[in-house]
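Listed below are the residues making up each chain.
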Amino acid sequence: MGEVDPAFVQEPEHRPKLRTIEAEGIPIIDLSILSSSDANPDHSRALENLVKQVGNACRDWGFFQVINHGVSLEKREKIFNVSRKFYAQPLEERNKIRKDDKKMLGYNDAEHTKNVRDWKEVFDLAVQNPILMSASYKPDDKEITEWHNQWPEYPPELREVCEDYVKEMEKLAYKLLELIALSLSLQPDRFHGFYKDKTAYMRLNHYRPCPAPHLALGIGRHKDSGALTILAQDDVQGLEVKRKSDGEWTLVKPTPSSYIINVGDIMQVWSNDAYESVEHRVKVNAEKERFSVPFFFNPAYYTIVKPLEELTNEHNPAKYRPYIWGKFLANRKHSNFQKLDVENIQISHFRVSELGEKLEGTLSINN
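Residues numbered from 1 in each chain as written. Predicted model: local features only at pLDDT ≥ 70, side-chain atom pairs only at ≥ 80, totals over all residues. Heavy atoms only, no water.

Looking up the protein in an unreviewed UniProt entry gives the name Fe2OG dioxygenase domain-containing protein, with the organism given as Manihot esculenta. Recorded in UniProt for the protein, the comment headed Sequence similarities (unreviewed entry) runs: "Belongs to the iron/ascorbate-dependent oxidoreductase family." (UniProt positions renumbered as here; feature names shortened; annotations may be inferred.)

Shown next as structure tokens:
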């Protein structure tokens, strides 16, 4: 290929198109009503309308943007500033906190998606430090491990800024979970119990200019394996969502100060397919670098993920076999640092109608 290492080159059918379609249909939802404490009928109607908007967005797109979300603009600017400072360092400095299959949090520039290397570098940090996790994806291994944050020496303010910012993300995440619960006719706090020992983490993404943006992707096509993702991005376009209506890749135009929200695989299972986790990817370009900050709001490692009882009945039976989140995540993380010969684990492997004998007794569990 000449222009880039072949490890980055996507198969022809998955390469980004030069022509892009802007995803104008992705809803922009105003959350300002949540900061009001009025109890009048107008407020109630506005809240009902907000819940309906969130439900429609989750059903039709799997993605939406939120404005007037309550997150401090100053804190948002600070997280992007420290990210730029961190990635402006020489590689040898970033490598001092390099993560691997033993240290799962920290810096890395060699992750793979769908067995193709991503044109990006990342810095991951836990919300709860340490994160309690399954030590292995192997079903008989009951050992629990801890994932600890690694902090760089520079910039010196990075730790304080990140820890301050994730508090804002947690507040927003719980608000969104409550809106999603209400949209499914559940109690607003229905999902809260899954988050006592949350495996939530934040990532600082950096996409360098790429000499072959027609061959490589910042992140290849994928679906988020967790429950809920909250993304802040700069003004450089890159995120593409696979439109459910026609399967076209559509570019999400950054809305200033907004957050992009998407439901992940866990929410798809919890909702018993009422809401779908949607495929997305990130394009790169030859001239500009791009920064983004995703926040992955995921439950405790011991969470048994299965369709919620309130959303299943004899006419709408559970579409998924239960699985253990920590084992699922450990399996996914295992593949980040190496190219596999087989497809990574997916929730589709736990569909009741598609269950194969090979998964019996592995990550899934018996009722």
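Continuing now.
Student: Help me understand the sheet that holds strand β16 (residues 280-282), please; the structure alone is not making it clear to me.
Tutor: Whenever strands of a sheet pair, they do so through backbone hydrogen bonds, lying parallel or antiparallel. Pairing in this open sheet of 5 strands is mixed, and the strands run β1-β14-β13-β16-β11 from one edge to the other. The strands lining the two open edges of the sheet, one partner per strand, are β1 (21-22) and β11 (219-222). (Pairing = 2+ DSSP bridges. Helix = DSSP H or I, 4+ residues; strand = E, 2+ residues; numbered from the N terminus.)

Student: What exactly am I supposed to notice about unusual backbone geometry here?
Tutor: What is expected of a backbone is that most residues other than glycine have negative phi and most peptide bonds are trans. Here the amide bond leading from N129 into P130 is cis, since omega sits at 5 degrees, within 30 degrees of zero. With respect to the helices and strands, the residue P130 is situated in the loop between β7 (121-126) and β8 (131-134). Across the junction of Y154 and P155, the peptide omega takes the value -5 degrees, indicating a cis bond. Phi is positive for S185, which is not a glycine, with a value near 65 degrees. One can find S185 in the loop between α4 (158-183) and β10 (201-207).

Student: What is the right way to look at the side chain of D124 in this model?
Tutor: You can see D124 is positioned in strand β7. Not counting chain neighbours up to four residues away, the residues in contact with D124 comprise K99, L105, G106, E111, Y201, M202 and R203. (Contact = heavy atoms within 4.5 Å.)

Student: Quick question: what am I supposed to make of the sheet that holds β10 here?
Tutor: Spatial ordering of the open sheet is given by β2-β3-β15-β12-β17-β10-β7-β4, a layout of 8 strands whose pairing is mixed. Edge positions in the open sheet fall to β2 (28-30) and β4 (106-108), since each of these has one partner strand only. Averaged over all pairs of adjacent strands, the angle between their axes in this sheet comes to 25 degrees, without regard to strand direction. (Axes fitted to C-alpha atoms, helices over the stretch in contact; angles between N-to-C directions.)

Student: Even after reading the chapter, I still don't get the packing of helix α1 (residues 41-60) against α4, so can you show me in this structure?
Tutor: Geometrically, a packed helix pair is captured by the angle between its two axes and the distance between the axes. Put simply, α1 and α4 touch, their axes get as near as 8 Å, and they point 85 degrees apart. Viewed along their axes, α1 and α4 adopt a mutual orientation that is roughly perpendicular. Between α1 and α4, the contacting residues are L47, L50, V51, V54, G55 and C58 on the first element and L179, I180, L182 and S183 on the second. Split into classes, the residues belonging to the contact of α1 with α4 amount to 8 nonpolar, 2 polar and no charged. (Parallel < 35°, antiparallel > 145°, perpendicular 65-115°, else oblique. Nonpolar A, V, L, I, M, F, W, Y, C, P; charged D, E, K, R; others polar.)

Student: It is not clear to me how the nonpolar core should be interpreted in this structure. Could you clarify?
Tutor: A general trend in soluble globular proteins is that nonpolar side chains are found buried together. Within the largest apolar cluster, 78 residues are counted, with the highest numbers of intra-cluster contacts made by I79, I180, F191, M202, Y259, W270 and F295. Counting residues per element, this core draws most heavily on α4, which supplies 13 residues. With residues up to four places along the chain from it excluded, the contact list for I79 reads V161, C162, Y165, M202, L204 and V293. (Core = buried A, V, L, I, M, F, W, Y, C linked by side-chain atoms within 4.5 Å. Buried < 20%, exposed > 50% of the residue type's maximum accessible area, 1.4 Å probe, protein only.)

Student: I'm lost on the pairing of strand β15 (residues 259-263) in this one. Help?
Tutor: Residues in a regular strand project their side chains so that they alternate between the two faces of the sheet. Across the 5 residues that make up β15, a large majority, 5, are buried. One ladder, built from 4 bridges, connects strand β3 (residues 63-67) with β15; its direction is antiparallel. The partner of V66 across the bridge, within β15, is Y259. With 4 bridges connecting them, strand β12 (residues 228-233) and β15 associate as antiparallel partners. Pairing of I230 across the sheet is with I261, part of β15.

Student: Help me understand the UniProt feature "domain: Fe2OG dioxygenase" (unreviewed entry) in the protein in this model?
Tutor: Under the present numbering, the feature "domain: Fe2OG dioxygenase" (unreviewed entry) in UniProt falls on residues 198-299. Within residues 198-299, the helical portion is 6% and the strand portion 39%, while the C-alpha atoms at the span's ends are 5 Å from each other.

Student: I'm lost on the pattern of salt bridges in this one. Help?
Tutor: Side chains that differ in sign of charge can pair as their charged atoms come close. Within the structure shown, the criterion is met by 27 salt bridges. Among the salt bridges present, the one from R94 reaches E121, with a minimum N-O distance of 3.1 Å. Linking R94 in helix α3 (residues 91-94) with E121 in strand β7, this pair joins segments that are 27 residues apart in sequence. Here R94 matches E121 in class, with each residue buried. We note a salt bridge from D124 to K99, for which the minimum N-O separation is 2.5 Å. (Salt bridge = Lys/Arg side-chain N within 4 Å of Asp/Glu carboxyl O.)

Student: Would you mind showing me how to read the packing of aromatic side chains here?
Tutor: To describe a pair of aromatic rings, one takes the distance between the centres and the angle between the planes. The final tally for this structure, using the stated rule, is 19 aromatic pairs. Considering the side-chain rings of F194 and W270, the 4.5 Å spacing of their centres and the 20 degrees angle between planes classify their relative orientation as stacked. Placement of the pair is F194 in the loop between α4 and β10 and W270 in helix α5 (residues 265-270), with a sequence separation of 76 residues. As far as the burial class goes, F194 and W270 line up, both buried. Centroid distance Y195 to F297: 4.3 Å. Interplanar angle 15 degrees. Geometry classified as stacked. On the criterion of sequence distance, the pair formed by Y195 in the loop between α4 and β10 and F297 in strand β17 (residues 290-297) is long-range, its members being 102 residues apart. Accessibility classification places Y195 together with F297 in one group, the buried group. Site record: aromatic cluster; members linked through ring pairs are F86, Y87, Y107, F123, W151 and F291. Here the basic side chain of R84 rests over the ring of F291, its NZ or CZ set 5.2 Å away from the ring centre. (Phe/Tyr/Trp six-rings, centres within 6.5 Å; stacked < 30°, edge-to-face > 60°. Lys NZ or Arg CZ within 6 Å of the ring centre and 35° of its normal.)

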